[in-house]
2 protein chains.
Amino acid sequence: MEKTVTVAVDAMGGDNAPEAILAGVADALAAYPQLTVKLCGLPEVVEPFAAQHERCDAVACSQVIEMDEHPAQAFKAKPDSSIVVGCKLVKDGQADAFYSAGSTGACFTAGTMVIRRLKGVARPALCTNVPCPGKTVVMCDVGANADCKPEYLVQFAKMASLYAELLGARDPKVGLLNIGEEETKGSAFAQEAHTLLKRDVPQFAGNCEGRDIVNGTCDVVVTDGFTGNVALKTIEGVGKMLFDEMKRMFMSSMKTKLAAAVLKPSFKQLKDSVDPDMFGAAPVLGLRGPLFIGHGSSSPLAVKNSLALAIRSVESDLTGKIATALANADADEPVKA
Amino acid sequence: MEKTVTVAVDAMGGDNAPEAILAGVADALAAYPQLTVKLCGLPEVVEPFAAQHERCDAVACSQVIEMDEHPAQAFKAKPDSSIVVGCKLVKDGQADAFYSAGSTGACFTAGTMVIRRLKGVARPALCTNVPCPGKTVVMCDVGANADCKPEYLVQFAKMASLYAELLGARDPKVGLLNIGEEETKGSAFAQEAHTLLKRDVPQFAGNCEGRDIVNGTCDVVVTDGFTGNVALKTIEGVGKMLFDEMKRMFMSSMKTKLAAAVLKPSFKQLKDSVDPDMFGAAPVLGLRGPLFIGHGSSSPLAVKNSLALAIRSVESDLTGKIATALANADADEPVKA
């Protein structure tokens, strides 16, 4: 029999909570027999659900962190919120991982303060899939660290490569997001990061540009959290703009409406491929236990996919692999936070 | 009768040079009666063309800067190249503007060294249209200044707003590209830029995010050249990826092929809207004379559109307007380069 994986789940996080979260948890419990859920949230939400589902325990919390609250302030003010309580379950060994579709900032703060960094990790980082046809590509950091030192990117590269391997990449190629292919291109920051990546990351394949993020040149795109966040949201924005425009154009006549109806399944498939809701969740890499943050608009399917990712990361010991990789790195070149 | 506008044109620049450039110049000469062209390039290219066209003078050059040469080295090594000679014509008052689809770096270097900065301009910047349905949106800087100081962005905002007005925007709204809407979001650089923009740029409307670049939230997106270049190339990459994928999907069966054929004009229109080739050219803002740099893959239509832009910028005295706006700014708060 497979070993049980216990995932703490924030029932209150996200724009469609708790309904979408509960529906996704129910689907995940049905699909993954090894999964046990510790469902964190207001008692009136989590207790009736837990009573009706096998392998689901209710963890009653008295507070909820809203999407627009200041992360650090909310973390301090709401120690009994579902996000903070979920992180505590991981810290105390009562859960193997935590998943929330709530405030990214609050989850990151709680994860860093409660689950805490692995030894040798300068900065935990947010890593996410980016749409790329027929290939799994991840980008790191996508917003947790707006200000980075070049050496952080070496760690991002190592951690994100291990995550890319979890997702199925073999010998993942790492690219540095930059504004030219040559080593001497880019900002002073990018040039220094290039030098360090070349020295310390065997999978480093050189610079990649904005257009390469989605064309499969690399398996792992490393960048500072500011640039990564801008690039990620630009991808999302261009996808939305183009599909909105197509819809508008195709609705303009009966002839185009009929033609568009034939192509609808293809459009749907492609639209899903650039829909952040479909990516599942983004892990915070570098913590002592897995933390997955879902998109605020997560659907039941996104919740289910996120829990599948959480299970895989526990079963493959992603945290242990990162700890080993970064501990070794640390021995070679000490990193000061 | 309209006043003559003399534009120096680099016949040798771009992947499709000289054929695409010459075809575009011929179209522009036919379309714009006020245009006179000084065609810079190898004598065997420019002399036969000039002999066959009214209002076109050949300016024979003995050198050509290739696309992949190091900009500063090429500028020094090739003083008789079409790019350097074109800039000299502007500097000497023999041309009102210069257009090249050659190496962006070499054009920028030559522009800065030969045409030179306007008084009060800390850093000339590259400004380009971004695709946004039904609206003209420009982004600045998109790659000329990989490392910026926050105060440069105030100048970028002022210069790009004047360019947006030239393109038809009324009271252009300026957004700072950042990773959150709130004033306190983003890197230390972005936060300081926010403070300065709020203080010094009346049209400043706050932060915008990656997804807002193409959704019309702002008329002018200001950012450092590193982030702007990544965002611009990401837009290009996502557009290409989605259209390539659609083509692949639609070719999969006879039924979808037929439906796609009906929608072809709509696809074409939309594809053009994200095609950098269609944007015309990107001006370098902040020089003592207009310099427009075209995409390397510029088609004859792109060349013609670029020359139309150059004519408009001369006729509306964009350079004079920028000089006035920045000279005033300079009086308030001296900017050190």
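Everything numeric in this text was worked out from a predicted model, so none of it was measured. (Residues numbered from 1 in each chain as written. Chains lettered and ligands numbered in written order. Predicted model: local features only at pLDDT ≥ 70, side-chain atom pairs only at ≥ 80, totals over all residues. Heavy atoms only, no water.)

### What to know about the overall build of chain A
Piece 1. Helices and strands together make up the secondary structure of chain A, namely eleven helices and eleven strands.
Piece 2. Every one of the 337 residues in chain A was classed for burial, and the buried ones make up 60%.
Piece 3. Restricting the contact set of chain A to residue pairs at least 6 apart, pairs at least 24 apart contribute 69%.
Piece 4. As displayed, chain A has an accessible area near 13,400 Å², and 52% of this comes from carbon and sulfur atoms.
Piece 5. Distance from the positive charge centre (34 side chains) to the negative charge centre (40 side chains) of chain A: 2 Å. (Helix = DSSP H or I, 4+ residues; strand = E, 2+ residues; numbered from the N terminus. Buried < 20%, exposed > 50% of the residue type's maximum accessible area, 1.4 Å probe, protein only. Contact = heavy atoms within 4.5 Å. Areas by Shrake-Rupley, 256 points an atom, 1.4 Å probe, with all protein chains shown as cover. Lys, Arg positive; Asp, Glu negative; His and termini not counted. Charge placed at Lys NZ, Arg CZ, Asp CG, Glu CD.)

### A look at the pairing of strand β5 (residues 125–130) of chain A
Residue and element names in this part refer to chain A.
Piece 1. In terms of residue burial, β5 counts as a mostly covered element, since six of its six residues are buried.
Piece 2. What you see with β5 is no split at all: A125, C127 and N129 on one side and L126, T128 and V130 on the other are buried throughout.
Piece 3. Strand direction decides the pairing type here: β5 and strand β10 (residues 281–285), joined by two bridges, are antiparallel. Looking at the pairing, A125 lines up with L285 of β10.
Piece 4. Linking two consecutive strands that pair antiparallel, namely β5 and strand β6 (residues 137–140), is a turn of six residues; a positive phi of about 70 degrees is found at G134 within it. (Pairing = 2+ DSSP bridges.)

### Topic: a positive patch on the surface
Piece 1. On the surface, K88(A), K91(A), R116(A) and R288(A) cluster together to form a positively charged patch.
Piece 2. Its location among the elements puts R116(A) in the loop between α5 (104–115) and β5. (Patch = residues over 30% accessible without salt bridge, like charges linked within 9 Å, V, L, I, M, F, W, Y side chains within 5 Å. Salt bridge = Lys/Arg side-chain N within 4 Å of Asp/Glu carboxyl O.)

### Some remarks on the relation of the copies chain A and chain B
Piece 1. The operation relating chain A to chain B is a screw motion whose rotation component is 180 degrees, with 0.0 Å of axial translation and a residual RMSD of 0.0 Å. These values place the two chain copies in the arrangement generated by a two-fold rotation axis. Judged by C-alpha distance, A259(A) is the residue of chain A that lies nearest the rotation axis, at 2.2 Å.
Piece 2. Mapped onto chain B, 100% of the interface residues of chain A are again interface residues, and the two copies thus contact each other with one and the same surface. (Least-squares fit on C-alpha atoms with pLDDT ≥ 70 in both.)

### Quick look at the sheet that holds strand β3 (residues 56–60) of chain B
Residues and elements named next belong to chain B.
Piece 1. As summarised here, the arrangement of the eleven strands in space is β3-β2-β1-β4-β11-β10-β5-β6-β9-β7-β8, forming an open sheet in which the pairing is mixed. At either margin of the open sheet sits one strand with a lone partner, and together these are β3 and β8 (204–208). Shown here is a sheet whose adjacent strand axes are inclined to one another by a mean of 25 degrees, direction ignored.
Piece 2. Strand contacts of helix α4 (residues 82–91): β1 (5–10), β2 (35–41), β3 and β4 (97–100), with the helix running at about 165 degrees to β4, the strand carrying the most contacts.
Piece 3. Here helix α10 (residues 300–315) sits on the sheet in contact with β1, β2, β4, β10 (281–285) and β11 (291–294), set at roughly 140 degrees to β1. (Axes fitted to C-alpha atoms, helices over the stretch in contact; angles between N-to-C directions.)

### Focus: the sheet that holds β10(A)
Residue and element names in this part refer to chain A.
Piece 1. The sheet built from eleven strands is open, its strands ordered β3-β2-β1-β4-β11-β10-β5-β6-β9-β7-β8 with mixed pairing. Bordering the open sheet on either side are β3 (56–60) and β8 (204–208), each of which pairs with just one other strand. Recorded for the sheet is a direction-independent mean angle of 25 degrees between the axes of neighbouring strands.
Piece 2. Sheet topology note: the strand β7 (residues 174–177)/β8 ladder contains three bridges and is parallel. Considered in β8, the bridge of V174 is made with F204.
Piece 3. Helix α6 (residues 150–166) rests against β5, β6, β7, β9 (220–222), β10 and β11 (291–294) of the sheet, and its axis sits at about 160 degrees to β9.

### Notes on the interface of chain A and chain B
Piece 1. Listed per partner, the contact involves 47 residues of chain A and 47 residues of chain B.
Piece 2. Contact between chain A and chain B buries roughly 4,400 Å² in total, counting both sides, with carbon and sulfur atoms accounting for 78%.
Piece 3. On inspection of chain A and its partner chain B, the count reaches four salt bridges.
Piece 4. Across the salt bridge formed by E209(A) and K233(B), the nearest N and O atoms sit 2.2 Å from each other. (Buried area = accessible area lost by both parts, 1.4 Å probe.)

### A word on unusual backbone geometry
All names here are of chain B.
Piece 1. Going from A17 to P18, the amide bond is cis rather than trans, its omega being 0 degrees.
Piece 2. Residue D141 follows C140 across a cis peptide bond; omega there is 5 degrees.
Piece 3. One can find D141 in the loop between β6 (137–140) and α6 (150–166).
Piece 4. Of note, the phi angle at R55 is positive, near 55 degrees, even though the residue is not glycine.
Piece 5. Here R55 lies in the loop between α2 (43–52) and β3.
Piece 6. Given the relative accessible area of 32%, R55 is considered partly exposed.
Piece 7. In this model, D317 sits at a positive phi of 55 degrees, which is unusual for a non-glycine residue.
Piece 8. Mapped onto the elements of the fold, D317 is located in the loop between α10 and α11 (318–332).
Piece 9. Of the residues examined, D317 reaches a relative accessible area of 45% and is grouped as partly exposed.

### Details of the packing of helix α8 (residues 225–250) of chain A against helix α9 (residues 254–273) of chain A
A pair of packed helices can be characterised by two numbers: the angle between their axes and the separation between those axes.
Residues and elements named next belong to chain A.
Piece 1. Across the interface, α8 lies against α9 with an axial gap of 10 Å and an inter-helix angle of 165 degrees. Our classification of the angle between α8 and α9 gives roughly antiparallel. Read as a crossing pair, α8 and α9 show a hand that is left-handed. Seen from α8, the contacting residues are F243, M246, M249 and F250; seen from α9, they are T256, K257, A260, F267, L270 and K271.
Piece 2. Counted by class, the contact of α8 with α9 contains seven nonpolar, one polar and two charged residues. (Parallel < 35°, antiparallel > 145°, perpendicular 65-115°, else oblique. Left-handed = near helix turned anticlockwise from the far one by under 90°. Nonpolar A, V, L, I, M, F, W, Y, C, P; charged D, E, K, R; others polar.)

### Some points on the environment of Q52(A)
Piece 1. Position of Q52(A) relative to the elements: it lies in helix α2 (residues 43–52).
Piece 2. C-alpha separation for the pair Q52(A) and A26(A), spaced 26 residues apart in sequence, amounts to 9.9 Å.

### What to know about the packing of aromatic side chains
Piece 1. Using the criterion set out here, one finds five aromatic pairs over all chains in the structure.
Piece 2. Ring geometry for F250(A) against F267(B): centres 5.5 Å apart, planes inclined by 75 degrees, an arrangement best described as edge-to-face. Here F250(A), found in helix α8, pairs with F267(B), found in helix α9 (residues 254–273), and the two come from separate chains.
Piece 3. Its relative accessible area of 4% is what places F250(A) among the buried residues.
Piece 4. Each ring, one from F250(B) and one from F267(B), has its centre 5.5 Å from the other, and the planes form 40 degrees; the classification is tilted. (Phe/Tyr/Trp six-rings, centres within 6.5 Å; stacked < 30°, edge-to-face > 60°.)

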